[in-house]
Amino acid sequence: MKAERPYLSITITPKGERAIVSGHPWIYDAEITAVQPSIADGDIVDVLSAKGRWLGSAFYNSHSKIRGRLISRNANDRFDDAFWLRRLRYAWEYRKSVLSEQDLSCCRIIFGEADTFPGLTVDRFGDILVAQVLSLGIERRKAVLFSALAALLREDGQTIRGIYERNDAALREKEGMTQGKGWYPLPGETPPAETAVEVIENGVRYRVDFENGQKTGFFLDQKYNRRAVAALARGKTVLDCFTHTGSFALNAALGGAKHVTAVDVSQSAVDLARENAKLNGLADKMDFVCANVFELLPALAGGEKRYDFIILDPPAFTKSRKTIHNAMKGYKEINYRAMKLLPRGGYLATCSCSHFAYEDLFLKMLRSAAADAGVQLRQIEARQQCADHPILWGVPETNYLKFYLFQVT
C-alpha cells in the first residue's frame with residue numbers, strides 16, 4: 001500500500017495507534033518512532049503502525065507538540081480541491097440539518113476536529129465569516145478552503161461580503177506561525193470598511209466587534225442555553241454574572257424578566273452590553289455594573305437587593321490539567337455565593353466552558369457548594385453546547401460546555 005500512495009509516512013507507537021483507532025485525531029511527539037526524510041512541516045503524511053499498518057492521513061508539524069493531526073481514515077482519499085470542497089459541503093449541510101434557517105445566519109460553520117478540519121474555526125456573523133487558523137496544515141491550504149467556502153455559501157443563496165482572520169492567538173506560535181488579524185483577500189472582492197456587524201440571535205440584536213471582541217467576536221455556543229434562560233426568566237429579578245456582551249441578560253430581559261442586572265469586570269464589556277440593551281429597547285429593564293464577581297457576590301449578601309434568578313457564565317478558569325484544582329475552587333466559590341444569595345425557590349443557571357473542568361468534577365463541585373450553602377438543588381435541565389459545535393465521540397476536547405438550570409430548595 002505504501003508504494004501506491006504519493007505521501008511520505010510517519011510511524012507511531014502502539015499507544016499512539018490505540019488513540020487513533022479509538023477515534024482521537026492527534027499524534028503527540030512522544031508517539032512518533034520514525035519520520036521519513038524530506039517531510040516538510042505542514043505536509044500531509046501517511047500514518048503507519050509499528051507493524052506497518054496504514055492508520056490514516058495527517059498534517060505533520062515538527063514545531064508542535066501535536067506532531068500529527070489526522071484528516072482522513074480513508075485510504076482512497078486524495079487531497080485535491082475537490083476533496084476539500086466536499087468536506088466543506090458536509091459541514092455546511094450538517095448545519096442546515098441541525099439549525100433553523102434563521103439560526104444559519106449566525107452560527108459556527110467549521111468546528112475544528114469535529115468537522116475534520118484540525119485547527120480551523122469559522123464563525124458566521126450575517127454576511128461576514130470570521131476564521132481562526134491554529135494549525136500549519138490548514139494555514140498552507142487556507143487559500144483553497146476560504147475561496148471554496150465563500151463560493152459554496154454563495155451558490156446556496158447566502159450573502160458573504162468577506163472573510164476576516166482572527167489569528168491573534170498565542171497557540172499559532174507553538175505551530176511555528178506568526179500572529180495577526182485582518183481581512184483575507186478573496187479574489188475580486190473589496191473588504192468592507194467596518195469590522196463590526198449587527199446580528200440577530202434568538203430575536204436579540206447584537207453589535208459584534210469581530211476585530212477586537214473575544215475569540216471571533218461573539219460566543220455562539222450558548223445560543224440555545226440563552227433561549228432556555230429566557231423561557232425561565234419571566235417575572236423574575238435576574239443577576240447575570242460575567243455578562244460579557246450581555247447575551248444572557250438580554251435574553252432574560254426579552255423573555256419578560258422584571259429587571260436584569262448585568263455584571264462584568266471589564267468596563268468595555270459593560271459598555272457594549274449597555275449598547276446592546278439600547279439596540280433592543282431594553283435599557284429601562286436593565287442596569288449594568290462593572291465589578292469583580294468574586295467580590296460582588298459576598299458584598300450582596302448583606303445588602304437589601306434581592307435576586308430570584310442568578311446566572312453564572314464565567315470564562316474558562318482553567319485551560320490545562322495543571323490548574324484544575326484552583327479552577328474548581330473558583331467555580332465552587334461563585335456557585336456557593338450564588339446559592340446563599342438566592343431565596344428558597346430561586347433559580348440558578350451555572351456553567352463551565354473549560355474542557356478540563358470535566359463533568360464529574362463540575363457536578364462534584366456543585367454538590368459540595370450546595371451542601372456548604374445548606375440548600376438542595378432541583379435540576380431542571382442539563383445542557384451542552386449548541387449543535388453547530390458538534391461533539392465528536394472519541395475526541396473529548398470537543399465536549400467542553402456544561403450548563404445546568406436548577407431551582408434552589
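Whatever comes next refers back to the structure up there.
Read on for a plain summary of the structure. The structure presented is a predicted model; accordingly, all values stated were derived computationally and were not measured. (Residues numbered from 1 in each chain as written. Predicted model: local features only at pLDDT ≥ 70, side-chain atom pairs only at ≥ 80, totals over all residues. Heavy atoms only, no water.)

## As for the pairing of strand 5 (residues 54-60)
Burial analysis of strand 5 places 7 of its 7 residues in the buried class, which makes it a mostly covered element. The loop that links strand 4 (residues 44-48) with its antiparallel partner strand 5 comprises 5 residues; one of these, Gly-52, has a positive phi angle of about 85 degrees. Sheet topology note: the strand 5/strand 6 (residues 66-72) ladder contains 4 bridges and is antiparallel. Across the sheet, residue Phe-59 finds its bridge partner in strand 6, namely Arg-69. (Buried < 20%, exposed > 50% of the residue type's maximum accessible area, 1.4 Å probe, protein only. Helix = DSSP H or I, 4+ residues; strand = E, 2+ residues; numbered from the N terminus. Pairing = 2+ DSSP bridges.)

## Here's the deal with helix 4 (residues 142-155)
Along an α-helix, residues three or four apart share an orientation, since each turn contains 3.6 residues. In this model, helix 4 (14 residues) spans 19 Å end to end at C-alpha, consistent with the 20 Å of a helix rising 1.5 Å per residue. Among the residues of helix 4, those classed as buried are Lys-142, Leu-145, Phe-146, Ala-148, Leu-149, Ala-150, Leu-152 and Leu-153. Looking at the residues trailing helix 4, positive phi occurs at Gly-157, about 85 degrees. (Expected span 1.5 Å × (residues − 1).)

## Notes on the side chain of Gln-222
Here Gln-222 shows up in the loop between strand 13 (204-209) and helix 6 (223-232). A relative accessible area of 2% means that Gln-222 is categorised as buried. Leave out the neighbours within four places in its chain, and Gln-222 touches Phe-248, Asp-313, Cys-351, Leu-401 and Phe-403. (Contact = heavy atoms within 4.5 Å.)

## Some remarks on the environment of Gly-346
Take Gly-346: it is sitting in the loop between helix 10 (324-341) and strand 18 (347-352). Overall, the relative accessible area of 0% leaves Gly-346 in the buried class. Between the C-alpha atoms of Gly-346 and Gln-384, which are 38 residues apart in sequence, the distance is 22 Å. Excluding its chain neighbours within four sequence positions, the residues that come into contact with Gly-346 are Asp-308, Phe-406, Gln-407 and Val-408.

## Here's the deal with the sheet that holds strand 19 (residues 377-383)
Taken together, 7 strands build an open sheet; the order of strands is 16-15-14-17-18-20-19 and the sheet is mixed. The outermost strands of the open sheet, each flanked by one partner alone, are strand 16 (286-290) and strand 19. The sheet shows a mean angle of 15 degrees between the axes of neighbouring strands, taken without regard to direction. Sheet topology note: the strand 15 (residues 259-264)/strand 16 ladder contains 5 bridges and is parallel. Bridging across to strand 16, Thr-261 finds its partner in Asp-287. Docked against the sheet, helix 7 (residues 247-254) engages strand 14 (237-241), strand 15, strand 16, strand 17 (309-312) and strand 20 (402-408), running at close to 180 degrees with respect to strand 15. Packing of helix 9 (residues 293-300) onto the sheet brings it into contact with strand 14, strand 15 and strand 17, and relative to strand 14 it is tilted by some 150 degrees. (Axes fitted to C-alpha atoms, helices over the stretch in contact; angles between N-to-C directions.)

## Quick notes on the side chain of Asn-276
Relative to the assigned elements, Asn-276 resides in helix 8 (residues 267-279). Those residues in contact with Asn-276 that sit more than four places away from it in its chain are Arg-205, Tyr-206, Arg-207, Thr-245 and Leu-250.

## Some details on the pattern of salt bridges
In total, this model carries 25 salt bridges according to the counting rule given. Between Lys-332 and Asp-372 there is a salt bridge, with the nearest N and O atoms lying 2.7 Å from each other. Of this pair, Lys-332 sits in helix 10 while Asp-372 sits in helix 11 (residues 359-373), and the two are 40 residues apart along the sequence. Of the residues examined, Lys-332 reaches a relative accessible area of 25% and is grouped as partly exposed. Here the salt bridges share partners, and the residues they tie into one network are Glu-139, Lys-142, Glu-165 and Arg-172. (Salt bridge = Lys/Arg side-chain N within 4 Å of Asp/Glu carboxyl O.)

## A look at the sheet that holds strand 3 (residues 32-35)
Spatial strand order, 2-6-5-4-1-3: 6 strands in an open sheet with mixed pairing. Strand pairing shows two members of the sheet lacking a second neighbour, strand 2 (26-28) and strand 3, which therefore form its edges. Averaged over all pairs of adjacent strands, the angle between their axes in this sheet comes to 35 degrees, without regard to strand direction. With 5 bridges joining them, strand 4 and strand 5 adopt antiparallel strand pairing. Bridged to Ile-44 within strand 5 is Phe-59. Sitting on the sheet, helix 1 (residues 14-21) is in contact with strand 1 (9-12), strand 2, strand 5 and strand 6, with an inclination near 105 degrees to strand 1. The sheet strands contacting helix 2 (residues 81-98) are strand 4, strand 5 and strand 6, and the helix crosses strand 6 at an angle near 80 degrees.

## Here's the deal with the packing of helix 9 against helix 10
The interhelical angle for the contact between helix 9 and helix 10, taken along N-to-C directions, is 25 degrees, at an axis separation of 9 Å. In terms of orientation, helix 9 and helix 10 fall into the roughly parallel class. The chirality of how helix 9 crosses helix 10 is left-handed. Facing Val-293, Phe-294, Leu-297, Pro-298 and Leu-300 of helix 9, the residues of helix 10 in contact are Gly-330, Glu-333, Ile-334, Arg-337, Ala-338 and Leu-341. Residues belonging to the contact of helix 9 with helix 10 are distributed by class as follows: 8 nonpolar, 1 polar and 2 charged. (Parallel < 35°, antiparallel > 145°, perpendicular 65-115°, else oblique. Left-handed = near helix turned anticlockwise from the far one by under 90°. Nonpolar A, V, L, I, M, F, W, Y, C, P; charged D, E, K, R; others polar.)

## Some details on the pairing of strand 20
With 7 of 7 residues buried, strand 20 is to be regarded as a mostly interior element. Burial of the side chains of strand 20 extends over both faces: Lys-402, Tyr-404, Phe-406 and Val-408 are buried on one face and Phe-403, Leu-405 and Gln-407 on the other. As paired elements, strand 18 and strand 20 share 6 bridges and run antiparallel to each other. The residue bridging Ser-352 from the neighbouring strand is Lys-402, located in strand 20.

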